[in-house]
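Geometric and topological summary
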Amino acid sequence: MARTPRSPRSTSTGPGRTNRRSRAGTRTSSPTTPAASPTAAPGAVPAWRRGLHLTRRASVLLLVVVVLAISFGQSLRIYLSQQHDLAVAQQQIRDRSAQIADLESELARWNDPEYVKAQARDRLGWVMPGETGYRVVGADGKPIGGGVVIESEQALPAGEHDPVWWDRLWGSVRTADAPSRKVVAP
């Protein structure tokens, strides 16, 4: 079946169709928004929403973007915190490695017999067999020069008598447990 072409002048309208000319001619110049009048209807759109012009899809998309930004922000905060903790741990490792290197070099010095002899001469005032040792004493009766002097942390109050031998022995044990080293400067 072949259809007959319609003429462009045809103004017939079928059910549910309107004529375009009649439609264009019946337009009125009424306001398109009911809220433009001073007395707005109760179901009218508020003024703040008219200026926003967001669809439901746009508002849902905006909500999703905000939720993602918050979740990524929390993850970023945790990541930066972990990076800071990692940097602190690496700095502690470098400090401890330097401390270990210093202690190993000191241990290597103490394994050298010449260093041990020099420390025994300097700190303890020892001399080798056949040598004569001298110690210079100042006007106050104390030796001048290097050396380590171990002093007890517990001194007698003024006017109290010297302890008996067992008190001195116990005091020596307590001093050996926690000595207070004083290096006398030359």
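Residues numbered from 1 in each chain as written. Predicted model: local features only at pLDDT ≥ 70, side-chain atom pairs only at ≥ 80, totals over all residues. Heavy atoms only, no water.

1. Some remarks on the overall build of the protein
What the protein contains, in helices and strands, is five helices and four strands. Going through the 186 residues of the protein one by one, you find that 4% of them count as buried. Contacts in the protein between residues far apart in sequence, at least 24 positions, make up 49% of those at least 6 positions apart. (Helix = DSSP H or I, 4+ residues; strand = E, 2+ residues; numbered from the N terminus. Buried < 20%, exposed > 50% of the residue type's maximum accessible area, 1.4 Å probe, protein only. Contact = heavy atoms within 4.5 Å.)

2. What about the confidence of the model for the protein?
Confidence in the prediction of the protein, expressed as mean pLDDT, is 76, and 60% of residues score 70 or more. Summarising per-element confidence for the protein, the mean pLDDT is lowest in helix H1 (residues 20–25) (51) and highest in helix H3 (residues 56–110) (94). (pLDDT = per-residue confidence, 0-100.)

3. Focus on the pattern of salt bridges
Enumeration according to the criterion identifies two salt bridges in this entry. Close ionic contact of Glu-114 with Lys-117 constitutes a salt bridge, the shortest N to O distance being 3.8 Å. Separated by three residues within a single helix, Glu-114 and Lys-117 lie in helix H4 (residues 113–124), roughly one turn from each other. Between Arg-121 and Glu-131 there is a salt bridge, with its nearest N and O atoms 2.9 Å apart. With Arg-121 in helix H4 and Glu-131 in the loop between H4 and strand S1 (136–137), this pair connects stretches of sequence that are 10 residues apart. Relative accessible area serves as the criterion here: at 37%, Arg-121 is assigned to the partly exposed category. (Salt bridge = Lys/Arg side-chain N within 4 Å of Asp/Glu carboxyl O.)

4. Considering the packing of aromatic side chains
Applying the stated criterion across every chain, the model contains two aromatic pairs. Where Trp-110 meets Tyr-115, the ring centres are 5.1 Å apart and the plane angle is 85°; that geometry is what we call edge-to-face. Ring centres of Trp-165 and Trp-166 lie 5.6 Å apart, and the angle between their planes is 80°; on these two criteria the pair is classed as edge-to-face. By relative accessible area, which is 56% here, Trp-165 ends up exposed. Residue class for Trp-166 comes out partly exposed when judged on its relative accessible area of 48%. (Phe/Tyr/Trp six-rings, centres within 6.5 Å; stacked < 30°, edge-to-face > 60°.)

5. Structural notes on the side chain of Thr-175
Mapping Thr-175 onto the fold places it in helix H5 (residues 165–177). Its relative accessible area of 14% is what places Thr-175 among the buried residues. At 2.8 Å, the side chain of Thr-175 forms a polar contact with the backbone oxygen of Gly-171. (Polar contact = N/O pair within 3.5 Å; in protein donor to acceptor, adjacent residues only side chain to side chain.)

6. Let's talk about a nonpolar patch on the surface
A cluster of nonpolar side chains, Val-164, Trp-165, Trp-166, Leu-169, Trp-170 and Val-173, forms an exposed patch at the surface whose accessible area comes to about 680 Å². Within the secondary structure, Trp-166 sits in helix H5. (Patch = residues over 30% accessible without salt bridge, like charges linked within 9 Å, V, L, I, M, F, W, Y side chains within 5 Å. Areas by Shrake-Rupley, 256 points an atom, 1.4 Å probe, with all protein chains shown as cover.)

7. Overview of the environment of Trp-110
With respect to the helices and strands, the residue Trp-110 is situated in helix H3. The exposure class assigned to Trp-110 is partly exposed, which follows from its relative accessible area of 32%. For Trp-110, the residues in contact, after removing those within four places along its chain, are Tyr-115, Val-116, Gln-119 and Arg-123.

8. Section: the side chain of Gln-119
Tracing the chain through its elements places Gln-119 in helix H4. When its relative accessible area of 14% is taken as the criterion, Gln-119 is described as buried. In this view, Gln-119 contacts Trp-110 and Leu-124; residues no more than four positions away in its chain are not counted.

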